[in-house]
Amino acid sequence: MRKYILLITIIIFFSVVDTFASVKLFSMNIHCMKNDWKQRVSLILDKAIEKRSDFINLQEICIYKNESVNDFILSYLKEKTGILWHANIHFMHLAWDKYDEFIGLYTKHTPTNIDAGFLPTSPLRRAYVATKVNDIWYVGIHLEHSDSWGEYRQEQINFLLNKFGNKKTVLMGDFNSGYEWPEQKILIDSNWSSYFPGL
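Residues numbered from 1 in each chain as written. Predicted model: local features only at pLDDT ≥ 70, side-chain atom pairs only at ≥ 80, totals over all residues. Heavy atoms only, no water.

1. What about the overall build of the protein?
Phase 1 of the analysis: Helix and strand counts for the protein come out as four helices and twelve strands.
Phase 2 of the analysis: Contacts in the protein between residues at least 24 apart in sequence constitute 64% of all its contacts with a sequence separation of at least 6.
Phase 3 of the analysis: Accessible surface computed for the protein: about 9,400 Å², of which carbon and sulfur atoms make up 50%. (Helix = DSSP H or I, 4+ residues; strand = E, 2+ residues; numbered from the N terminus. Contact = heavy atoms within 4.5 Å. Areas by Shrake-Rupley, 256 points an atom, 1.4 Å probe, with all protein chains shown as cover.)

2. Let's talk about the state of the cysteines
Phase 1 of the analysis: Under the criterion given, the structure shown has one disulfide.
Phase 2 of the analysis: The partner cysteine of Cys32 in its disulfide is Cys62, sulfur to sulfur 1.9 Å. A torsion of -115° about the S-S bond marks the disulfide between Cys32 and Cys62 as left-handed. Taken as a pair, Cys32 in the loop between strand E3 (23–29) and helix H1 (37–50) and Cys62 in strand E4 (residues 55–64) lie far apart in primary sequence, 30 residues in all. (Disulfide = S-S within 2.5 Å.)

3. Considering helix H2 (residues 69–81)
Along an α-helix, residues three or four positions apart point the same way, because every turn accommodates 3.6 residues.
Phase 1 of the analysis: Under the 1.5 Å per step criterion, the end-to-end length of H2 is 18 Å for 13 residues, consistent within 8% with the ideal 18 Å.
Phase 2 of the analysis: All of the buried residues along H2 are Val69, Asn70, Ile73, Tyr76 and Leu77. In an axial view of H2, the angular spread of the buried residues amounts to 130°, which keeps them on one side of the axis.
Phase 3 of the analysis: Packed against the buried residues of H2 are H1, E4, strand E5 (67–68), strand E6 (86–95) and strand E7 (99–107). (Expected span 1.5 Å × (residues − 1). Buried < 20%, exposed > 50% of the residue type's maximum accessible area, 1.4 Å probe, protein only. Arc of directions from axis to C-beta.)

4. Comments concerning the pattern of salt bridges
Side-chain pairs of opposite charge can arise whenever the charged atoms involved come near each other.
Phase 1 of the analysis: Applying the stated criterion across every chain, the model contains eight salt bridges.
Phase 2 of the analysis: Linking Glu67 and Lys38 is a salt bridge whose minimum nitrogen-to-oxygen distance equals 3.9 Å. Of the two residues, Glu67 sits in strand E5 while Lys38 sits in helix H1, which places them 29 residues apart along the sequence.
Phase 3 of the analysis: Using a relative accessible area of 36% as the deciding quantity, one classes Glu67 as partly exposed.
Phase 4 of the analysis: Across the pair Lys132 and Asp135 runs a salt bridge whose closest N-O atoms are separated by 3.9 Å.
Phase 5 of the analysis: Take Lys132: its relative accessible area is 21%, and that puts it in the partly exposed class. (Salt bridge = Lys/Arg side-chain N within 4 Å of Asp/Glu carboxyl O.)

5. What about the environment of Ser122?
Phase 1 of the analysis: With respect to the secondary-structure elements, Ser122 resides in the loop between strand E8 (113–118) and strand E9 (127–133).
Phase 2 of the analysis: Excluding residues that lie within four positions of it along the chain, Ser122 makes contacts with Glu144, Tyr152 and Gln156.
Phase 3 of the analysis: Among the polar contacts made by the side chain of Ser122, one reaches the main-chain carbonyl oxygen of Leu124 at a distance of 2.7 Å.
Phase 4 of the analysis: One polar contact links Ser122 to Gln156, side chain to side chain, over a distance of 3.2 Å. (Polar contact = N/O pair within 3.5 Å; in protein donor to acceptor, adjacent residues only side chain to side chain.)

6. Notes on the side chain of Asn29
Phase 1 of the analysis: Looking at the element boundaries, Asn29 is found in strand E3.
Phase 2 of the analysis: Those residues within four positions of Asn29 in sequence are excluded, and the remaining contacts are Gln59, Glu60, His142 and Asp174.

7. Regarding the packing of aromatic side chains
Phase 1 of the analysis: Throughout the structure, instances matching the rule amount to ten aromatic pairs.
Phase 2 of the analysis: Put simply, the rings of Tyr128, Trp137, Phe159 and Phe164 pair up and form one aromatic cluster.
Phase 3 of the analysis: Over the aromatic face of Phe164 sits the side chain of Lys163, whose NZ or CZ is 5.9 Å from the ring centroid. (Phe/Tyr/Trp six-rings, centres within 6.5 Å; stacked < 30°, edge-to-face > 60°. Lys NZ or Arg CZ within 6 Å of the ring centre and 35° of its normal.)

8. Observations concerning the packing of helix H3 (residues 150–164) against helix H4 (residues 182–189)
Phase 1 of the analysis: Where H3 contacts H4, the two axes come as close as 8 Å, and the packing angle between them is 20°. The orientation of H3 with respect to H4, classified from their angle, is roughly parallel. Every pair of crossing elements has a handedness; the one defined by H3 and H4 is right-handed. Contacts between H3 and H4 involve Gly150, Arg153, Gln154, Ile157, Asn158 and Leu161 from the first element and Pro182, Glu183, Gln184, Ile186 and Leu187 from the second.
Phase 2 of the analysis: Residue composition of the contact of H3 with H4, grouped by class: five nonpolar, four polar and two charged. (Axes fitted to C-alpha atoms, helices over the stretch in contact; angles between N-to-C directions. Parallel < 35°, antiparallel > 145°, perpendicular 65-115°, else oblique. Left-handed = near helix turned anticlockwise from the far one by under 90°. Nonpolar A, V, L, I, M, F, W, Y, C, P; charged D, E, K, R; others polar.)

9. What to know about unusual backbone geometry
Phase 1 of the analysis: One non-glycine residue, Asn35, lies in the positive phi region at around 55°.
Phase 2 of the analysis: By the element assignment, Asn35 lies in the loop between E3 and H1.
Phase 3 of the analysis: Take Asn35: its relative accessible area is 74%, and that puts it in the exposed class.
Phase 4 of the analysis: Residues other than glycine seldom take positive phi values, yet Glu60 does so here, at roughly 60°.

So this is what it looks like as structure tokens:
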């Protein structure tokens, strides 16, 4: 069974061919509600729409008081595409002692199953969101961020391998590490195919 990793820390569009029949994926960390967040998120979504993305995986989706980035995303996607997108979001932690921070996976396709949960414990609590479409799991993640906390990322990747390793899976998101780092080697050694920006 072929497995794929999509490692993303910048805006990227990738068409996965072969097993995944040209599914278009987009992933980016939107940095919560910093600065003029509505303008920034609009530009990010415009790029995802322009690329005709099937799945949009976003990290640092925040809610503060009566403002919800998730609500804004769903409204914007519907307005711009005329499609009611499906959202799978999961809470992670309190960001900057102010915002409720989530991870989210959005698709214009009807899911046959969804899953979400916390990743193994780390200094900042992390999570995954997974949406199944056409017998394939699309999994969005946001791993621990500090360079010195690689052991937490390794635990988180091992958790994901145990959960999705025997399924057709696309793993994408903010790995907070590079292709050559030890935690990525776990995936490569487990026969996952890597698609990394810049290779």
